[in-house]
Amino acid sequence: MQGGLPTDIVIPIMGPTGSGKSTFINNLVGEDVVSVSQSMESCTTDITHIVVDTPNNPFFNGRRLIVVDTPGFDDTKGDDLEILRRIALWLASSYDAGMKLGGVIYLHDITQPRMVRSTRNNFSVFNKLCGKDAFASIVLGTTRWSDISLIEAQNHLEALSQTVWKDMIKRGSIVQQVDNTKASAWLTIYLILGRLHEQQGTTIGGSLEKFTVLKIQQEIVNLQKTVCSTEAGRALRSGLQELLVEQKRLRDAGEEDLDDINGRIGKTLRQLDDLCQLSPSCRKFLKIFGIVIYL
Ligand SMILES: Nc1nc2c(ncn2[C@@H]2O[C@H](COP(=O)(O)OP(=O)(O)OP(=O)(O)O)[C@@H](O)[C@H]2O)c(=O)[nH]1
Ligand SMILES: [Mg+2]
C-alpha cells in the first residue's frame, strides 16, 4: 500500500460474503466510503484500505487507523484462490513496509442457521491465514442480531462456540456482538487495541512495541514462500479436491452433463496454475491431479 507509515495501525476486516464487512467500515467512518451489497451477491471485489480519522485519545496516541475491506471467500464463483492471493500479498507487502497489524476482525452473519460449506471453507482459510499465535488478536464479530429472535441467535452462537470457533476462543479470540451502529464498530476496534496493550502488559496510552503478525505474513515475507505453498493455500487446494471428488461421483452415477462441474474445476486449476507460477511444488501438485485430462 502506498503512503503507509510505520506508525499506522492496520486492522483488516474479513469474513464471508454478506457478513457485513463493508457496512462495518461505513459505520466506523460515519459515511458511505465503500459500497455495500443490496442482495446476496458478493459485492466487494477489491481490497480497499481506508484511513480512518482517529480520536485524539490515548488508545491511538497520534497513530493513524487503517481498516482494510476485503472480498469474502465464497466458493460460489470459484475465485477463492485469486482472492486469497490478493489478500496474502496485501498483508505481506504491508508487513514488509513496516506497517503494524493491530489484529483482525472476522465477521459472521448470526442469522445463518449453520455453517454452510462456503462459510466453513472461508473460516478454515481464515484460520490458517492467521495461525494459532495470532488467535488472541482476533475478534470474532457476529452481525444481524436484530434480524432473528434473541434465543435463535444465542443458539447459533452457542453452536459456533462449541464447534468451529472453539479452538480460537480457547486460544484467546474475543467473541463480540457487532450491531449496525457507529458505537458498536468503534467498540470492536477498541477491543483489539485493548488486547494489544494487555498482551504486552502496558496500560492504555503506554507505548506499543509488539504488534500482531499473521502466519501468512511470516510465511511469505520471512520464509519467502509463494502463496500457493502456505497453509492457507493448502486449505484452498482441498476445496479443489472436493470438486474433483464431486466430478467423479457424478461421472460414476452416469451423469452426462458435467459442464458446470468441469467449468468450476477448470477455472480453479487455471487460477492455481497462475498462482503457482513460481512454485515447482505446485506444478507437481497439478501433475498429481492428472484429472485435467477429463476436462
Ligand atoms: N440488519 C442488518 N443488516 C446488515 C448488517 N450488516 C450488514 N447488513 C446488510 O447486509 C448486506 C451485505 O452487507 P455488506 O456490508 O455489503 O457485506 P460484506 O461482508 O461487505 O459483503 P461482500 O462485500 O460481498 O463480501 C447489506 O444489505 C447490508 O445492509 C447488520 O448488522 N444488520
Ligand atoms: Mg463488502
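Note that the structure is a prediction, hence the values are computed from the model and not measured. (Residues numbered from 1 in each chain as written. Chains lettered and ligands numbered in written order. Predicted model: local features only at pLDDT ≥ 70, side-chain atom pairs only at ≥ 80, totals over all residues. Heavy atoms only, no water.)

Novice: Help me out: how do you make sense of helix H1 (residues 21-29) in this one?
Specialist: Owing to its 3.6 residues per turn, the α-helix aligns residues three or four sequence positions apart on the same side. Taking burial as the measure, the 9 residues of H1 include 7 buried ones, the bulk of the element. Every buried residue of H1 is listed here: Lys21, Ser22, Phe24, Ile25, Asn26, Asn27 and Leu28. Structurally, H1 contributes buried residues whose contacts are with strand E1 (9-14), strand E2 (48-52), strand E3 (65-69), strand E5 (104-109) and helix H6 (182-200). Gly30, located one to two residues past H1, shows a positive phi value of around 90 degrees. (Buried < 20%, exposed > 50% of the residue type's maximum accessible area, 1.4 Å probe, protein only. Helix = DSSP H or I, 4+ residues; strand = E, 2+ residues; numbered from the N terminus. Contact = heavy atoms within 4.5 Å.)

Novice: Got a minute to help me understand the nonpolar core in this structure?
Specialist: Nonpolar side chains tend to gather and get buried jointly when the protein is soluble and globular. Formed by 37 residues in total, the largest nonpolar core has its most connected members in Met14, Leu91, Phe123, Phe126, Ile138 and Leu214. Counting residues per element, the ones that place at least two in this core are E1, E3, helix H2 (80-96), E5, helix H3 (117-130), strand E6 (138-143), helix H4 (150-162) and helix H7 (215-222). For this core, the element with the highest residue contribution is H2, accounting for 7 residues. Sequence-distant contacts of Phe123, that is, excluding residues within four places in its chain, are made with Tyr106, Met115, Leu140, Val164, Trp165 and Met168. In this structure, Ile13, Phe24, Val34 and Phe60 belong to the second largest nonpolar core, which totals 24 residues. (Core = buried A, V, L, I, M, F, W, Y, C linked by side-chain atoms within 4.5 Å.)

Novice: Can you help me understand the pattern of salt bridges in this one?
Specialist: In the structure shown here, the tally under the stated rule is 7 salt bridges. One salt bridge connects Asp109 with Arg144, and the closest N-O pair in it is separated by 3.8 Å. With Asp109 in strand E5 and Arg144 in the loop between E6 and H4, the pair connects residues that are 35 residues apart, well separated along the chain. Residue class for Asp109 comes out buried when judged on its relative accessible area of 11%. A residue is classified by how much of its surface remains accessible, and Arg144, at 40% relative accessible area, is partly exposed. We note a salt bridge from Glu198 to Arg195, for which the minimum N-O separation is 3.6 Å. With Glu198 and Arg195 both in helix H6, this residue pair falls 3 residues apart, about one helical turn. (Salt bridge = Lys/Arg side-chain N within 4 Å of Asp/Glu carboxyl O.)

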